[in-house]
Amino acid sequence: MATKRDFYEVLGVSKSASAQEIKSAYRKLALEWHPDRNKAANANEKFKEINEAYSVLSDAKKKETYDQFGHAAFQPGAGAAGQGPFGGGGFGQGPFQYYYSSSGGQGGNPFGGFGGDLDPFEIFEQFFGGGFSQGRGRRPHPSYEISIDFMDAVKGVTREVHVPAGGAGQGSVRKTIKIPAGVDTGSRIRFDEFDLVISVRPDKKFHREGDDIVLEQQIPFSMAALGGVLDVPTVDDEVSIRIQPGTQPGTLIRLRGKGVPHVRGNGRGDQYVKIQLKVPTHLSKRQKELLEELEEGKL
């Protein structure tokens, strides 16, 4: 079994860190390593480790026990009835955790290694700014899937949906729902009577990577060699970018703040313009001669 890392080391804080410093460190790391945003192979395990560390260090009693006994205090058998010293054997929730929905839609709790205290519905209430309840054992809400366009996911949209009014044969009711800007495929939003799972239709021009957007843009060979100014679309408007002389295929030009709004908090991702060369398929005789002379170094 791999040795657990020191919880203070995981969060990058000292043993004398204040509760606010621990919370701030957790917020920063949780946003950085959330698997829906970080595509690294170890993001899921890293995210679990960060939440486990915070769940102990944010609780004064658990922190005191950890400082005295270390990880051994939370191992099975360390307390009564084969549980940790706090009875449940699980870990509490961080200030703003998310339900991890990028694991192929299996619907399981991604924090299963922490015991049964983590409720994915409560996590999503915090993710989308809703209320928070510590109640456990609640009956899961029915789930419905809704498909929206790429731009609606980027900018947010209000929709009217019909959901069952109750049991079979009781008809349906119309609900007006507000989908926040920045959601992506797999995002799950909790409303009063149901949960809504988002499916985003792909866009023909823009490709999304987390909160960043990638646009492939073709330019002629002459512009790549000589440079120039190029108008490119963004999700908001059209902007002009400068192509430097000698630009190579695959070059990425960053447009800061032109990406997808962060679904929680302020700010946006970036847009990257990926330069591709547009190779002409029909050349005149003179054009061929000029290219041949260029290749031979005569120009």
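Structure: see above.
Everything numeric here is computed off the predicted structure, so don't read it as measured data.

The pairing of strands in a sheet comes from backbone hydrogen bonds and takes either a parallel or an antiparallel form. Ordered by their spatial adjacency, three strands build an open sheet running S1-S5-S4, and the pairing between neighbours is mixed. Two strands bound the open sheet, and with one partner strand each, they are strand S1 (143–148) and strand S4 (188–190). Averaged over all adjacent pairs, the angle separating strand axes in this sheet is 30°, with direction ignored. In this sheet, strand S5 (residues 195–200) lies alongside S4 in antiparallel orientation, the contact comprising three bridges. Residue isoleucine 189 lies in a different strand from S5, and its bridge partner there is leucine 196.

A cluster of nonpolar side chains, Phe221, Leu283, Leu291 and Leu294, forms an exposed patch at the surface whose accessible area comes to about 330 Å². Judged by its relative accessible area of 38%, leucine 291 falls in the partly exposed class.

The next thing to look at is helix H4 (residues 60–69). Turn by turn, an α-helix covers 3.6 residues, leaving residues three or four places apart pointing in a common direction. Along H4, the residues classified as buried are Lys62, Lys63, Thr65 and Tyr66. All buried residues of H4 lie within an arc of 165° about the axis, which places them on one face of the element. Across from the buried face of H4, at angles greater than 90 degrees, the exposed residues are Ala60, Lys61, Glu64 and Gln68. Looking at the buried positions of H4, the neighbouring elements they touch are helix H1 (7–11), helix H2 (19–33) and helix H3 (43–57). Its side-chain oxygen placed 3.0 Å from the backbone nitrogen of lysine 61, aspartate 59 serves as the N-cap of H4.

Let us now look at the pattern of salt bridges. What the rule picks out here adds up to 15 salt bridges. Its salt-bridge partner being lysine 155, residue aspartate 236 comes within 3.2 Å of it at the nearest N-O pair. Of this pair, aspartate 236 sits in the loop between strand S8 (228–233) and strand S9 (238–243) while lysine 155 sits in helix H6 (residues 150–155); the two residues are 81 residues apart in sequence, bridging distant segments of the chain. As a salt-bridge pair, arginine 208 and aspartate 184 come within 3.6 Å of each other at their nearest N and O atoms. Of this pair, arginine 208 sits in strand S6 (residues 206–209) while aspartate 184 sits in the loop between strand S3 (172–179) and S4; the two residues are 24 residues apart in sequence, bridging distant segments of the chain. Owing to a relative accessible area of 14%, arginine 208 belongs among the buried residues under this scheme. Linked by salt bridges that have partners in common, Arg5, Glu9 and Glu49 make up one network.

Where burial is concerned, the two faces of strand S10 (residues 252–255) differ: the one with Ile253 and Leu255 is buried and the one with Leu252 and Arg254 is not. Looking at chain direction, S10 and strand S11 (residues 271–278) are connected through four bridges and run antiparallel. Across the sheet, the residue bridging to leucine 255 is glutamine 271, located in S11.

Each value, and the rule that gives it
- Residues numbered from 1 in each chain as written.
- Predicted model: local features only at pLDDT ≥ 70, side-chain atom pairs only at ≥ 80, totals over all residues.
- Heavy atoms only, no water.
- Pairing = 2+ DSSP bridges.
- Helix = DSSP H or I, 4+ residues; strand = E, 2+ residues; numbered from the N terminus.
- Axes fitted to C-alpha atoms, helices over the stretch in contact; angles between N-to-C directions.
- Patch = residues over 30% accessible without salt bridge, like charges linked within 9 Å, V, L, I, M, F, W, Y side chains within 5 Å.
- Areas by Shrake-Rupley, 256 points an atom, 1.4 Å probe, with all protein chains shown as cover.
- Salt bridge = Lys/Arg side-chain N within 4 Å of Asp/Glu carboxyl O.
- Buried < 20%, exposed > 50% of the residue type's maximum accessible area, 1.4 Å probe, protein only.
- Arc of directions from axis to C-beta.
- Contact = heavy atoms within 4.5 Å.
- Polar contact = N/O pair within 3.5 Å; in protein donor to acceptor, adjacent residues only side chain to side chain.

Nothing here speaks to function; it is all geometry.
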